[in-house]
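Coordinate inspection notes
What follows is each chain in one-letter form.
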Amino acid sequence: MSKEFSKLLLEHYATLKSTGDIQEDATKEQYTDATLALHQPKFNRALIEKATAELIATQLWETRTMSGPVEKTPVEVYNRETGVTTLEVAEGGQIKTGRTSYSSVTIEAIGYKLKSTLTAEAIEDAQNAGNLNIVARAIANLAKDISEEIDAKLMALMVAGAAAGNKDVSKGSDTAKVVADKIVQAIVDAQQLVKGKHYRPDFLLVDPIIFGYLAKNDEFVHADKYGSTQLQQTGFMGKIRGLEVFESVNMAANKAIVGKRKTFGVYKVYIPMMFRGPVYDPNLDKETYVIRQRSAMKVTVGESLATITLVA
């Protein structure tokens, strides 16, 4: 969950600092008095926590950190060797290869970066108007934008990598209630597709359009029935047919994914969310702030994912 991932990233951030792999700006001469407080280590830590909280997909992916920019990661492979139907072996009989084996793939951390430029006048005027810290707001907004971009990419990879199959749901001229019933049946069919690949699905990720229909079905149990602990899960909306349901605006329109959590792919962070700056431009009297992160993501077991597509 997000809190566990946040804790993992904060520990990783502390390790990178202690080994000198990342360095924070440390001299007051680079900053104006108004922005000095933002450049303390505690600000980057708060930034990591906020950015992590914005993500929905990381609750579904296997999340880890990277010790370097390029790493190998294990891939689960379901072995279909002929004759593997039992663990019993007669005396002197040949031992077959197990159903599940592991190989590895190489992943490389990619940089995600955004910048914001603020004029000296904008910073001064904001301070004058009730000490509004627009620098902090600008940085927080950059972090939110990068988080949403990463979330959307993770979901797009899930859709593209789903190898268990797809079920179409036709809206036609049906009422919302009928479409909702069709979607539930498609969910059941998608579950069977994943089970047919020898994985037991436990989540459903939907876009707001499909969720709008799904919420009208009598079988859907809304999240408020599960108490505050469950409601703390970002994007958690409820349950249906044994699946936890997550909704996201970053999900592809008219798409849903049924899958096995923490099995289908890996999301690894090399450099956690942090900022650089300000870089002062004396020609324009402006300060530029940059938010950056380096991470890798890859669907490794597409057979544990199936899609549902809502069509006209």
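Residues numbered from 1 in each chain as written. Predicted model: local features only at pLDDT ≥ 70, side-chain atom pairs only at ≥ 80, totals over all residues. Heavy atoms only, no water.

Here we look at the packing of aromatic side chains
By the definition in use, this model includes five aromatic pairs. A ring pair is formed by phenylalanine 236 and phenylalanine 246, whose centres lie 5.9 Å apart and whose planes are at 65 degrees; its orientation type is edge-to-face. Residue phenylalanine 236 is found in strand β8 (residues 236–240), and its partner phenylalanine 246 is found in strand β9 (residues 243–247); the two are separated by 10 residues along the sequence. Residue classification places phenylalanine 236 among the buried positions, given a relative accessible area of 4%. Overall, the relative accessible area of 0% leaves phenylalanine 246 in the buried class. In textbook terms, an aromatic cluster arises when at least three aromatic residues are bridged by ring pairs, as seen for Trp61, Phe203 and Phe264. (Phe/Tyr/Trp six-rings, centres within 6.5 Å; stacked < 30°, edge-to-face > 60°. Helix = DSSP H or I, 4+ residues; strand = E, 2+ residues; numbered from the N terminus. Buried < 20%, exposed > 50% of the residue type's maximum accessible area, 1.4 Å probe, protein only.)

Digging into the confidence of the model for the protein chain
If pLDDT is low for a region, its predicted coordinates should not be looked at in detail. In the predicted model, the protein chain carries a mean pLDDT of 84, and 83% of its residues have values of at least 70. Across the protein chain, the element-wise mean pLDDT spans from 52 in helix α7 (residues 228–231) up to 98 in strand β10 (residues 255–259). Within the model, pLDDT remains below 50 along residues 26–36, and this stretch shows 17 contacts once partners closer than five positions in the same chain are excluded. (pLDDT = per-residue confidence, 0-100. Contact = heavy atoms within 4.5 Å.)

Considering the pattern of salt bridges
For the structure on display, the rule yields eight salt bridges. Residues glutamate 62 and arginine 64 are paired through a salt bridge, measuring 3.6 Å at the closest nitrogen-oxygen approach. Between lysine 177 and aspartate 181 there is a salt bridge; the shortest N-O distance is 3.5 Å. Taken together, the positions of lysine 177 and aspartate 181, both in helix α5 (residues 176–196) and four residues apart, correspond to about one turn of that helix. A residue is classified by how much of its surface remains accessible, and lysine 177, at 37% relative accessible area, is partly exposed. Note on aspartate 181: relative accessible area 35%, which makes it partly exposed. (Salt bridge = Lys/Arg side-chain N within 4 Å of Asp/Glu carboxyl O.)

Some words on the nonpolar core
Ranked by internal contacts, the top residues of the largest apolar core, which has 53 residues, are Trp61, Met158, Phe203, Leu205, Tyr267 and Ile291. Broken down by secondary-structure element, the contributors of at least two residues to this core are α1 (2–19), α2 (41–53), β4 (110–119), α3 (120–128), α4 (134–161), β6 (203–206), β11 (265–281) and β12 (286–299). At 11 residues, the largest contribution of residues to this core is made by α4. Not counting the four nearest positions on each side in its chain, tyrosine 267 is found in contact with Phe5, Thr58, Trp61, Glu62, Thr63, Arg64, Ile150, Leu154, Gln293, Ser295, Ala296 and Met297. Ranked by size, the runner-up nonpolar core spans 27 residues in total, among them Phe211, Tyr213, Ile240 and Val245. (Core = buried A, V, L, I, M, F, W, Y, C linked by side-chain atoms within 4.5 Å.)

Description of the sheet that holds β12
Taken together, the four strands give an open sheet; going across it, the order is β1-β11-β12-β4, and neighbouring strands pair in mixed fashion. Edge strands, defined here as strands with exactly one partner in the open sheet, are β1 (62–65) and β4. Strand-to-strand twist across the sheet, computed as the mean angle between neighbouring axes with direction ignored, equals 25 degrees. Sheet topology note: the β1/β11 ladder contains four bridges and is parallel. Each bridged residue has a counterpart across the sheet, and for threonine 65 the counterpart in β11 is valine 269. Contacting β4, β11 and β12, α4 crosses the sheet at an angle of about 20 degrees to β12. (Pairing = 2+ DSSP bridges. Axes fitted to C-alpha atoms, helices over the stretch in contact; angles between N-to-C directions.)

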